[in-house]
Structure formats: structure tokens, C-alpha cells
Amino acid sequence: MAGPLGGPRGGPRRRSGRRFRRVGQTDRAGRAGRAGRAGRPSRRGPLACDDVLLRMSTLFLRTLREDPVEAELPSHKLLLRAGYVRRVGPGIYSWMPLGMLAVRNVERVVREEMAAIGAQEVQFPALVPREVFERSGRWEDYGDALFRLKDRRDADYLLAPTHEELFTLLVKGEYSSYRDLPVSLFQIQTKYRDEARPRAGVLRAREFVMKDSYSFDVDDAGAERSYRAHRDAYERIFARLGFDYRIVSAVSGAMGGSASEELIAPTPSGEDTFVQCGNCDYAANAEAVEIAGPTRAGGDGPGPATSDSAPGPQRVLDTPGTPTIATLVERLNSMDLGRSFGAADTLKNLVVKTRAPGAADWELLVIGVPGDRDVDMKRVAGQLEPTEVAPAGPDDLAGHPGLVKGYIGPQRLSELGIRFVVDPLVTEGSAWVTGANEADRHALDVVRGRDFFPDGELGAVEVRDGDRCARCGGPLQIARGIELAHVFQLGRKYAEVFDLTVSGADGRPVTVTMGSYGVGITRAVAALAEQTHDDLGLRWPREISPADVHLVATGKGEEPYTAGEQLAAELLSAGLRVLYDDRRGSSAGVKFGDSELLGVPLIVTVGRGLAKGVVEVRDRWSDERVEVPLDGAAAEIVRIAAGQP
RNA sequence: CGGGGAGUGGCGCAGCGGUAGCGCACCUGCUUUGGGAGCAGGAGGUCGGGGGUUCGAAUCCCCCUUCCCCGACCA
């Protein structure tokens, strides 16, 4: 497969014997092996169609002039129009040849970087017997998002949404000594999730390709090294693919575990909300964000409703018909109390119920937040994990006459034996208007630390643009993005469930600690399209592009085609991947339009310039065009291509 | 699951009681060849499904179903 430019096949040097491979050594050998002779990434992968000339005349491709109605996002429209994907059903897509090349390129980069940290590839079935998931509890826990099916004997199966169980079982079956560890395994496979609402084409599909890896270590220090190695590898992967990405703190969600970060591609159309500090480098998923307490009193900025003067004694007011913050504020302002009130002056108390793992019963929990704020249930759930949280319904409140919906206050909660926490925005000493725990009455000047004493603080408030960074106090900015990858320390959850232990140095069993690291492969293609497209079409960085050069032959007679044919051959033998538009029946306009749509980073036109003995070379990124003599064009094009991202 | 919208050739759409049409794409021929060509000819549709009303239904009524968008949800 190696071409003139490729040199030896990229990838890590093979070493004999597992014991020499160490996760965590991001060895230079692996990285160096990746580079081709010209200092460019090697394009010689076993899966890339590097050595064949892609001819538009025979390529299985039909571009669309109009946007399909099903598509909303630019990436979705363009991938359809450019003939990269076709929709088969909701959240189910076929990949056509050009799309496949892009997918394979992402996979190749991922494989190279995984190999570079010593991770080894495996393959698992997508079809998994129920028992496997029953043991981890996920047959139930995964809910409706799990595709379930039956075989002819009526036995239950599922289409795996991810493979923690199988990775764990596989290692358990093979390894039994601490000497075997660490080890990192990965797969690149199709996964299935019955999303409630698939959308945005391939970005959020029900069947998609994902690279998933798991690390297995004897101790936390090892787990930390494995985590670091994967995190570093991911940075290299997304940098090579040409992404603009951020690393943000995350909650590990249903997987459990501790350290957790996401790699996010910022884009306005992304469906993940994250937060970044305008001052320091703090960034977090909106659900995992930490917000500093308020730095000043009063006002409508982030801060409590404390008035500047010391609050007076608590007073109970008749406030009939004010079960909501809006109605309460209106009523207060019409009561001639000598001051005006805003939503931020009220304390809103939300009742939820929680259930500790293994517990049979739900327990009530009241969360107090400033009245102008909403509670972010995901954020709450993330902090309470693994305890479950759910909104309390009327049935849950039934046995508690002290909790009057719309008029709940924290004053008597401890007497009632109900747990109460506040958001840190409700500071010690701050005064609030809040429910009086009887219908149609509220209490004024209710002071934390005097009139009520929360059992603790819990960051519960929905983050808002301008909230203060918990690290440096700088202003937080909210942005949208697409989740590209997630790295987290799984800990011992699956190892315990499946009893994955190895003998320690002292001969006693040690439970293995795991890390989990995912990359959305097919999603990455769409996410990159979303980030890099322009008005004319797709625009790929070289690593992911189906070709290095899009060669267009156009003009009268045979000359452009014979010259094009020869140039294509030269470029190919110079090690470039060439998409050659040799269609005779298509007009120049069609060919140019397609060349812009398809997104290959370099467009070379063999046409009217032939009269002067030149071809036009156009950079799809900068739109810069230069004429180069046909004689020696291949070498010049190689040179230009090498300078591209 | 809640709200909104839509199912008519491959794609985008019109038609809204009287024998199914347009643009793009496709096929044949001639012309054309640096910005989505021209002329001529052609192929392709159980109008999402079922039931009803009617002399007659893509069109009106009922039921079902699918898809798209927003929200809820989502390693």
C-alpha cells in the first residue's frame, strides 16, 4: 500500500510481548511512526482507497441541487446534497462512497492515536443476550433507549448501546494477575440507541459508529495515567482532524464514576450547552458547572436579594392567590411595604424526591433557589449521583400538610423532618420573601442563619450568562456545541458487578479500576462539516477529506481530458489522493459547483488555461487561485497541498 | 410523551370534486463546453394506508400510519 510519499506504514512500532506495552506512555515512537516522509501525516492506511483514482464519471454519487426538506442544519443538508449520506429511516443512514472515505479517515486517525498509546483493538457483537445487561442492571436502567429484540426461541436480546459489560467480561475471562495490567482495549463499532428524537441527521442518529475504549488498572494512580493518556490522545485526534474543540468538565451520567471530561466542538447549532470563563481557562458542561456565590448584595445580577440595610424581623403577610413567583411579586409591590420587590428577592422552594441506591423508598428533599432562577434538574441529578432524583408529584406531598404547594417556605422544614438544601446563591445572612407554609400567606425578611438553617448547599440553579466562575470569579459565558468525545474514570462499578479482580502482589484479590473513553466517529464527520462548511459547500481539512485534490477537466475538445488524465496519474503517483472529474457531458458550471460542494481542499482545473500551458490551482479554504505551468504542475501541487491544514 | 407541520415520479413542489402536472435529475439524438447549457424526442407516480360520501375522490368525511420541526428525554 505504501506509495512514494508514504514511506513505511505508519503506526506504532510493534513490540513483542504485552509486558512492554504500557498505557500512559504516550511514546514518541508511536507518534513518529505516524508521520510520512514529508513531515505530513501518513495517508497510507489499510482502509483508505489511496491508490485508486476516484473518477467522477464512475463514482457512485449523485449530488443534489436543492436542499432536502428533511434537513435543517448546514451539515445535514450538505452531507445529503454532496452525496455523502442518504437517509433510510428516522435516525438511520447509509454512507455512500465519499462519506465512507471520510468516515474511514476519522477511523484511521483514531486507530493511529490509539495504537500510539498502546491500546489494542477488539470487536464485539452488536447483538447481546439479555443476561449480560441484566447483571449490570442496565437491561432495566437503560430504559426505552435500549433496542430490545427476541430470537426465534423467544429469548431476549439487545442491540448494544455501548459495551462496558463485554469489555469487563472479556478481561475477566483472560486476565487474573496484577502483572497483566494495565491494559487498554478499544473497539470501533456500530452502536444502537433508540433515541426518543433522533435529529440533525447523522449527528444524533439511532445507529452510529463509535470508538469506545476502556482501560483496566490495578490502582488509582494507574487509572489516572490511563485517563491522561487517553485525554492526550484525544487532543491529538481532534487537532489532526482540524477541529476547534474545548475540553469541559462533565458529569459522568448514568455510568457513574469520578473524573469526567467532554471534548466539545463549539457551534451555535450544537445541542450541548457548556460554559466557559471569560477570564480563566475553566470550562464545564452546563450540568457540571460550578458557580461562585454572589459577590454583592441586591441588584438583579447574580446575587441574593439581601437589602443593604439589616433585615427587620420576620413578618407574615397575607398574599392571597399568589402561588407563583410572578403573582407574588406583583402582589408584594401593590402592598405598600415601603420597598419594591423583584423575583430575585423571593426564595423559591422546589420539592423533589430522592432514592439512595438500593433503598426501597423515596425521601423528600426541598431545594431553595432565588425566585428568578430555574432549577437545573440535570445539574442536581449529577451531584446527587448515584442517588436518583425525580420531581415530587401531588402524591408525594399528600402526607405532608406542612408543605402547601405554592407557599412552601424553609422555616419549619427541620421540625417536619424534611431535608432542605439551598443553592450557594442563597448566602448566610441573606433575607428573602418566601412561603409561610400555609395557603395564601408568605413571610417577609426570612433570613438564612436566623430564621432557617439549611442542611447543606447544593448547586442547583440553571447557569446564566454572566454568573461568576467558581475558580476566579470571572464572568461565565454560555455557549453551544457538539459533544465529540467523553473521557471518564469509571472506577470499580463494572469491575465490582462482574467481580473483575486480579491477584495483587501480596496474593490477595484486587478489584480492577476502569476508565471509559468514547469518540463519536460518524458524529465527528457531521460535526466537522458543521464547523468548516461555507456558503458554497463542504470544506474539509486534509486528514478527513475523501481526496487531496479535486481535479476538474473542462473545455472544448480532447485536450483537457488527455492533459487531465495525465496530470491525475502524476498526482496519484506523487502520493496524492485524487478525485478526477472526467465527465464529458457535464458543463463547466456543474463541475465547479460540485467541486465546491464536495469539499476537497484543493481544486485543480485543467481547461482554457491549456492555451497558455497552465492549470488553475484553487485553495478551497482561502479561495486563493494561482496558475501553474502544466509542465511540472504535479510537483507544484504536491507542494501546495503540503501547506494546507 | 406534549405542541406545531407535512405525506403527490429519485429530489424540490403545484394541483384541492371531472381522465395526475411543473422544475431539477434521468434516457436518446444533434448542438454546446470556464460558472449549475440549448433544441427535439422519451421513460418514470397503487397521489402514505384503510374505510366512507359521490355518477366520479389526490381533492370532501372518519380511522390508522409514517416523517419533519420545537419541547420533554438522551454513555
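The numbers attached to residues start from 1 for each chain and follow its sequence in the written order. Both sets of labels track the order of writing: A upward for chains, 1 upward for ligands. This being a predicted model, a pLDDT of at least 70 is required before a residue's local features are given, and a value of 80 or more before pairs of side-chain atoms are given or counted; all residues contribute to the totals for chains, interfaces and linings. Think of the side-chain values as coming from all heavy atoms in the structure, minus any hydrogens and water.

K.L.:
How do you make sense of the overall build of chain A when you look at a structure like this?
P.N.:
Only DSSP runs of H or I reaching four residues or more are called helices, and only runs of E reaching two or more are called strands; each is numbered from the N terminus. In terms of helices and strands, chain A carries 16 helices and 30 strands. Using a 1.4 Å probe on the protein chains alone, a residue whose accessible area is under 20% of its type maximum counts as buried, one over 50% counts as exposed, and one in between counts as partly exposed. The proportion of buried residues among the 645 residues of chain A is 53%. Residues count as neighbours in contact if any of their non-hydrogen atoms are within 4.5 Å of one another. Long-range contacts, defined here as pairs at least 24 residues apart, represent 69% of the contacts in chain A between residues at least 6 apart. Each accessible area is a Shrake-Rupley result for a 1.4 Å probe, and residues are judged covered by the shown protein chains and nothing else. Split by element, the accessible area of chain A, about 28200 Å² in all, is 49% carbon and sulfur.

K.L.:
Looking at this model, I keep getting lost on the confidence of the model for chain A. Mind explaining?
P.N.:
For residues with low pLDDT, the predicted coordinates do not support detailed interpretation. Values of pLDDT, which run from 0 to 100, indicate the predictor's confidence residue by residue. Put simply, chain A has an average pLDDT of 78, and 85% of its residues get 70 or more. Across residues 1-48, where pLDDT falls below 50, the model places 91 contacts with residues more than four positions away in sequence or in other chains. With pLDDT under 50 throughout, residues 295-307 is counted as low confidence; its partners more than four residues away or in other chains account for 29 contacts.

K.L.:
Sorry, what's going on with the sheet that holds strand β21 (residues 456-457) here?
P.N.:
Two modes of strand pairing occur in sheets, parallel and antiparallel, and in both the strands are linked by backbone hydrogen bonds. Strand pairing requires that DSSP identify at least two bridges connecting the strands. One open sheet holds the five strands; their spatial order is β17-β15-β16-β18-β21, and the pairing between them is mixed. The sheet is open, and its two borders are formed by β17 (388-391) and β21, each paired with just one other strand.

K.L.:
So what exactly am I meant to see when it comes to the packing of helix α14 (residues 559-573) against helix α16 (residues 633-642) here?
P.N.:
When two helices pack together, their arrangement is captured by the angle between the axes and the distance separating the axes. Inter-axis angles, ranging from 0 to 180 degrees, are taken between N-to-C directions of lines fitted to C-alpha atoms, where helices are fitted over the stretch in contact. Between α14 and α16, the least distance of the axes is 9 Å, while the angle of their chain directions is 50°. Taken together, the axes of α14 and α16 lie oblique to each other. As for how α14 packs across α16, the hand of that crossing is right-handed. Note on element contacts: α16 touches α14 through Ala633, Ala634 and Ile637, opposite Leu567, Glu570 and Leu571. Just so you know the grouping, Ala, Val, Leu, Ile, Met, Phe, Trp, Tyr, Cys and Pro go in nonpolar, Asp, Glu, Lys and Arg go in charged, and all remaining residues, Gly too, go in polar. When grouped by side-chain class, the residues that make up the contact of α14 with α16 number five nonpolar, no polar and one charged. With respect to orientation, any angle under 35 degrees is reported as roughly parallel, any angle over 145 as roughly antiparallel, any angle of 65 to 115 as roughly perpendicular, and every other angle as oblique. In this scheme the handedness of a crossing depends on how the near helix is turned from the far one: anticlockwise by less than a right angle means left-handed, clockwise means right-handed.

K.L.:
I'm lost on the nonpolar core in this one. Help?
P.N.:
Considering soluble globular proteins, one finds that nonpolar side chains tend to be buried as a cluster. Of all hydrophobic cores here, the largest spans 62 residues; its most connected members are Tyr84, Met114, Tyr234, Phe238, Phe243 and Trp540. Take the buried residues of types Ala, Val, Leu, Ile, Met, Phe, Trp, Tyr and Cys, join any two whose side-chain atoms come within 4.5 Å, and each joined set is a nonpolar core. In terms of nonpolar packing, the next biggest core, distinct from the first, is built from 26 residues, Val128, Phe167, Leu185 and Tyr494 among them.

K.L.:
Before we go on, may I ask you to explain the packing of aromatic side chains in this structure?
P.N.:
Two aromatic rings, taken as a pair, are described by how far apart their centres are and by the angle between their planes. Only the six-membered ring of Trp is used, alongside the rings of Phe and Tyr, when aromatic pairs are assigned; centres must lie within 6.5 Å, and planes under 30 degrees apart are stacked while those over 60 apart are edge-to-face, with the rest tilted. With the rule as written, the count across this model stands at six aromatic pairs. Ring centres 5.4 Å apart and planes at 75° place the aromatic pair Phe238 and Phe243 in the edge-to-face group. A network of ring pairs unites the aromatic residues Phe124, Phe167 and Tyr214 as a single cluster. Ring-over charges, as used throughout, are those where CZ of Arg or NZ of Lys falls within 6 Å of the ring centre and within 35 degrees of the ring normal. Over the aromatic face of Trp139 sits the side chain of Arg148, whose NZ or CZ is 4.8 Å from the ring centroid. The aromatic ring of Tyr561 is capped on one face by Arg584, whose charged end is 4.0 Å from the ring centroid.

K.L.:
Looking at this model, I keep getting lost on helix α8 (residues 325-333). Mind explaining?
P.N.:
One full turn of an α-helix is made of 3.6 residues, so residues set three or four places apart face in the same direction. All of the buried residues along α8 are Ile325, Leu328, Val329 and Leu332. Along the long axis of α8, the arc covered by the buried residues comes to 95°, so they all point the same way. Of the exposed residues in α8, those oriented more than 90 degrees away from the buried face are Ala326 and Glu330. Considering only its buried residues, α8 is in contact with β14 (315-318), β15 (347-355), β19 (431-435) and β20 (441-447). Arc definition: directions from the helix axis to the C-beta atoms.

K.L.:
Sorry, what's going on with the pattern of salt bridges here?
P.N.:
Opposite charge on two side chains allows them to pair when their charged atoms are near. Note on definitions: salt bridges are taken to be side-chain nitrogens of Lys or Arg within 4 Å of carboxyl oxygens of Asp or Glu. Tallied over the entire structure, the rule returns 37 salt bridges. In this structure, the salt-bridge partner of Asp194 is Arg206, at a minimum N-O distance of 2.9 Å. Of this pair, Asp194 sits in the loop between β8 (183-192) and β9 (207-217) while Arg206 sits in the loop between β8 and β9, and the two are twelve residues apart along the sequence. A relative accessible area of 16% places Arg206 in the buried class.

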